[in-house]
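# A closer look at the structure
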Amino acid sequence: MVIAVDFDGTIVEDRYPSIGTEKPFAIDTLKKLSEEGHRLILWTVREGKTLEEAVAYCRKRGLEFYAVNRDYPEEEREKNTHYSRKLKVEMFIDDRNLGGLPDWGTIYRMIRHRLSYEALMRDDDRNVRPHKKRSLLERIFRG
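Attention here is on the structure that accompanies the text. Quick caveat: nothing in here was measured; it's all calculated off a predicted structure.

Below, the discussion takes up the layout of surface pockets. Within this model, the second largest pocket holds a volume of roughly 240 Å³. In terms of lining, the second largest pocket is formed by 14 residues, of which the most central are Asn 97, Gly 100, Pro 102, Met 110 and Tyr 117. Only strand S4 (91-93) and helix H3 (104-112) provide two or more residues apiece to the lining of the second largest pocket.

Next comes the structure, spelled out in structure tokens:
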């Protein structure tokens, strides 16, 4: 899977233009996904010096990206006649996601098992709540 990952607010706490503290398990989860064959693209508003700092921050922790702010490493805007700022990925991981950013354990489970957030929550509900037979009145009044 090709996955675009935001930096500020997703990998680290949002302190832009500074680099915030790492979100728990973000780097470890991304390294594991990369080891499993997923292609990770760093997709961030950062550019220039602040982008270099973000890439260096991740690299220092052992996380290398397939590409940074582009679809593939060799992509050059000037030479790509079909260039689009919109990445051609299968998934975006971003703190600005509708509903917010799940914890990194949940993100890993969703990717590993190819689950939508809705399916994951439905599965969690089945595993957490014991299945007991409801009375007729409970079924009528509680749906």
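Here the narrative resumes.
So, on to the environment of Ile 93. For Ile 93, the position within the fold is in strand S4. With relative accessibility at 6%, the residue Ile 93 sits in the buried group. Taking the C-alpha atoms as reference points, Ile 93 and Leu 42, separated by 51 residues in sequence, lie 9.9 Å from one another. With near-sequence residues (within four places) excluded, Ile 93 lies in contact with Ile 3, Ala 4, Val 5, Asp 6, Thr 10, Leu 101, Trp 104, Ile 107 and Ile 111.

Membership of the largest hydrophobic core comes to 24 residues, with the highest contact counts inside it found for Phe 7, Ile 11, Leu 30 and Cys 58. Those elements that place two or more of their residues in this core are strand S1 (2-5), helix H1 (26-35), strand S2 (39-42), helix H2 (48-60) and H3. Take this core: its biggest share by element is 5 residues, from H2. Ignoring sequence-local partners within four residues, the contact set of Phe 7 consists of Val 12, Ile 19, Leu 42, Trp 43, Thr 44, Arg 46, Ala 54, Tyr 57 and Cys 58.

Now for the sheet that holds S4. The 4 strands are arranged S3-S2-S1-S4 in an open sheet whose pairing can be described as parallel. In the strand order of this sheet, the two ends are held by strand S3 (67-68) and S4, each with one partner. Across 3 bridges, S1 lies against S4 in parallel orientation. If you follow Val 5 over to S4, its bridge partner there is Ile 93. Packing against the sheet, H3 makes contact with S1 and S4, and its axis sits at approximately 175° to S4.

Scoring rules and cut-offs
Residues numbered from 1 in each chain as written. Predicted model: local features only at pLDDT ≥ 70, side-chain atom pairs only at ≥ 80, totals over all residues. Heavy atoms only, no water. 1 Å grid on protein atoms, 1.4 Å probe; cavity = no way out; pocket = protein on both sides within 12 Å on 5 of 7 lines; lining within 4 Å. Points joined across faces, edges and corners; volume = space filled by probe spheres on them. Helix = DSSP H or I, 4+ residues; strand = E, 2+ residues; numbered from the N terminus. Buried < 20%, exposed > 50% of the residue type's maximum accessible area, 1.4 Å probe, protein only. Contact = heavy atoms within 4.5 Å. Core = buried A, V, L, I, M, F, W, Y, C linked by side-chain atoms within 4.5 Å. Pairing = 2+ DSSP bridges. Axes fitted to C-alpha atoms, helices over the stretch in contact; angles between N-to-C directions.

Read these as geometric descriptors, not functional statements.
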